[in-house]
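# Secondary and tertiary structure notes
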Amino acid sequence: MATPAKRVAKAALDKNSFLYKFKRWCYYKSYFPEIGLRRDDIMMQTDQNKEILNEALRRIPKQELDARNFRIMRANQLSMQKTVLPRDQWTEFDTDDHYLMPYFEQVKLEFEEKQKWDSM
């Protein structure tokens, strides 16, 4: 028998499930898809993750970094103009994947390992 967490994960993949529909509704209720941003574009830089985020951004491919910078600049421009993109240019829920999180998680693990070695 599958654990509840695995059942929820499977339900999240089913496009007819309530959880998928709720996540999709929440996604489009947020402002960032309307101005063309992706999930990883809105990651906040805090004191705790500043070094990790900077290193992750340094590691992503240049093409992806340029695309990220373009999306952020365009979003700032749209925000200042108090307008949004046409509906066909919004970021789609199904195609919005995490491009930065794999790098972020890898760097985070490396920093934690470095801290363990430094504390010995």
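Coordinates for the structure precede this section.
Residues numbered from 1 in each chain as written. Predicted model: local features only at pLDDT ≥ 70, side-chain atom pairs only at ≥ 80, totals over all residues. Heavy atoms only, no water.

### Some details on the pattern of salt bridges
Summed over the entire model, instances satisfying the criterion amount to 14 salt bridges. Of the charged contacts in the structure, one is a salt bridge between R38 and D96, with a shortest N-O distance of 3.7 Å. Taken together, the positions of R38 in the loop between α2 (18–29) and α3 (50–59) and D96 in the loop between α4 (62–81) and α5 (101–119) put the pair 58 residues apart, joining distant regions of the chain. Residue R38 shares its accessibility class with D96, and that shared class is buried. Overlapping salt bridges bring together R38, R39, D41, E64, R68, R71, D96 and D97 as one network. (Salt bridge = Lys/Arg side-chain N within 4 Å of Asp/Glu carboxyl O. Helix = DSSP H or I, 4+ residues; strand = E, 2+ residues; numbered from the N terminus. Buried < 20%, exposed > 50% of the residue type's maximum accessible area, 1.4 Å probe, protein only.)

### Overview of the side chain of E34
Topologically, E34 is positioned in the loop between α2 and α3. Beyond its immediate sequence surroundings of up to four residues, E34 is in contact with Y28, V84, L85 and W90. (Contact = heavy atoms within 4.5 Å.)

### Digging into the packing of α3 against α5
Look at α3 against α5: their axes get within 9 Å of each other, and the N-to-C directions meet at 125°. Relative to α5, the element α3 is oriented oblique. Seen from above, α3 lies across α5 with right-handed handedness. Between α3, through E51, I52, L53, E55, A56 and R59, and α5, the contact on the second element is made entirely by Y103, F104, Q106, V107, K108, E110 and F111. (Axes fitted to C-alpha atoms, helices over the stretch in contact; angles between N-to-C directions. Parallel < 35°, antiparallel > 145°, perpendicular 65-115°, else oblique. Left-handed = near helix turned anticlockwise from the far one by under 90°.)

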